[in-house]
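Spelled out, the chains give:
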Protein chains: 2
Amino acid sequence: MELPVVNQPVHRSGVLLDHLSRRIRTRSESVLAPLGLRPRHLVALTVLRESGGTTQQALSATLEIDGTNVVSLLNDLEKDGLVERRRSPEDRRRHIVELTQAGVERLAKAEFALAAVEDEVLGSVLDEAQRELLYSLLKQATVGQKVVCTND
Amino acid sequence: MELPVVNQPVHRSGVLLDHLSRRIRTRSESVLAPLGLRPRHLVALTVLRESGGTTQQALSATLEIDGTNVVSLLNDLEKDGLVERRRSPEDRRRHIVELTQAGVERLAKAEFALAAVEDEVLGSVLDEAQRELLYSLLKQATVGQKVVCTND
DNA sequence: GCTAATCATTGGCGAAACACAAACGATTTA
DNA sequence: TAAATCGTTTGTGTTTCGCCAATGATTAGC
């Protein structure tokens, strides 16, 4: 109503974010289980699709997951043939992780299944425009993250 | 740009939601630890403040957490004097859980601490208006949830 | 060439989330 | 008074996950 004078957001989203994402995540687990995936895998697959191939180290930084856990995560995915580890030609210590064709397809299949979950949770409380808006905000919030390039 | 003709959101937020909330949650844990709280506690305290007192059963439904786990959650909070369990005058088998004054204060203190976390994660990628917008969307998405009243 | 640093990997530890089963205690009903 | 109901409590077990240490392979510095 009145012009806000504050230059700081009054409301904090952290708790709501936690609550809402948990509601979606628990439902997602049920839906993803038949596909042999867990929510965590989905995030990794999504990042890999968008990046088009990164080192595990970069993946660890992006996901903010400990390197050792990234290994087991990728082991799961590679065991199913969804990702592929290649040695980097530049530095043969590194692995370059990439989605396989099967990975692309499985991801698409998972997203299709997850759409139903999201419709169930958000469908009755947000209209399409709001959901698109939410997506764009989240996208901006996650993509815009400062990836601290290792400058030594 | 063009008018969208679809009546279904093209983009799904689930994965982004998962990713972002995780980034905030891990940082929150560090910040909340000195206060003797975990993210889970914060969600419960927030719900209790807004509802102004509910039964554990209702809390269980809202948080979508198993009733038995709500107990231990409340035990933690009550041990610190943050919440209070009263017998319901209507049905003396029930407990009505309410925030204490100490609970209100601790929650405020926690929110203050969490604000710094949220600023760190969102501050550089979303402006104030966008953060408020995100909040309102999340608020609507969580508050609007269907609370299935037990009608037998 | 030799030593140190880097990257991926493995295994183990501990904390936490969570679901489930069973018991308990107070209260209501027959 | 006995039985049934309801919320709560206790306890157990599984799974997830972050962290630490050690190993092997590779690269970089001296």
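Up top you'll find the structure we're talking about.
Below you will find a few notes about this structure.

Cut-offs applied
Residues numbered from 1 in each chain as written. Chains lettered and ligands numbered in written order. Predicted model: local features only at pLDDT ≥ 70, side-chain atom pairs only at ≥ 80, totals over all residues. Heavy atoms only, no water. Contact = heavy atoms within 4.5 Å. Buried area = accessible area lost by both parts, 1.4 Å probe. Salt bridge = Lys/Arg side-chain N within 4 Å of Asp/Glu carboxyl O. Polar contact = N/O pair within 3.5 Å; in protein donor to acceptor, adjacent residues only side chain to side chain. Helix = DSSP H or I, 4+ residues; strand = E, 2+ residues; numbered from the N terminus. Nonpolar A, V, L, I, M, F, W, Y, C, P; charged D, E, K, R; others polar. Near = heavy atom within 4 Å. Least-squares fit on C-alpha atoms with pLDDT ≥ 70 in both.

A closer look at the interface of chain B and chain A
Then, number 1: Each partner contributes to the interface: chain B provides 53 residues, whereas chain A provides 53 residues.
Then, number 2: Summing both partners gives a buried area of about 5,400 Å² for chain B against chain A, and 60% of it is carried by carbon and sulfur.
Then, number 3: Remark: the boundary between chain B and chain A carries eight salt bridges.
Then, number 4: The closest approach of N and O atoms between Arg12 of chain A and Asp119 of chain B, which form a salt bridge, is 2.7 Å.
Then, number 5: The interface formed by chain B and chain A contains 24 residue pairs in polar contact (both at pLDDT 80 or more).
Then, number 6: Put simply, the parts of the chain that give the side of chain B that touches chain A at least two residues each are α1 (14-32), α2 (39-51), α3 (56-63), α5 (101-122) and α6 (128-143) of chain B.
Then, number 7: Residue contributions to the side of chain B that touches chain A peak at 14 residues, all from α1 of chain B.
Then, number 8: Along the lines of polarity and charge, the residues of the side of chain B that touches chain A split into 22 nonpolar, 16 polar and 15 charged.

Brief notes about the protein's contact with DNA strand D
Then, number 1: The local shell around DNA strand D holds 19 residues, among which Arg22, Gln57, Arg85, Arg93 and His95 of chain B are the closest.
Then, number 2: For DNA strand D, the backbone portion of the atoms within 4 Å of the protein, that is sugar and phosphate, comes to 75%.
Then, number 3: Between DNA strand D and Thr68 of chain A there is a distance of 3.4 Å, counted from a base nitrogen to a side-chain nitrogen or oxygen.
Then, number 4: Between Asn69 of chain A and DNA strand D, the recorded distance is 3.2 Å, taken from a side-chain N or O atom to a base nitrogen.
Then, number 5: Every element with two or more residues in the surface near DNA strand D is listed here: α4 (67-79) of chain A together with α3 and α4 (67-79) of chain B.
Then, number 6: Here the element with the most residues in the surface near DNA strand D is α4 of chain B; it accounts for three residues.

A look at the relation of the copies chain B and chain A
Then, number 1: Relative to chain A, chain B is turned by 180 degrees and slid 0.0 Å along the rotation axis, the superposed coordinates differing by an RMSD of 0.2 Å. Seen this way, the second copy is the image of the first under a two-fold rotation axis.
Then, number 2: A high fraction, 100%, of the interface residues of chain B reappear at the interface in chain A, so the copies pair face to face through one surface.

Note that every value here comes from positions in space, so none of it alone points to a role or purpose.
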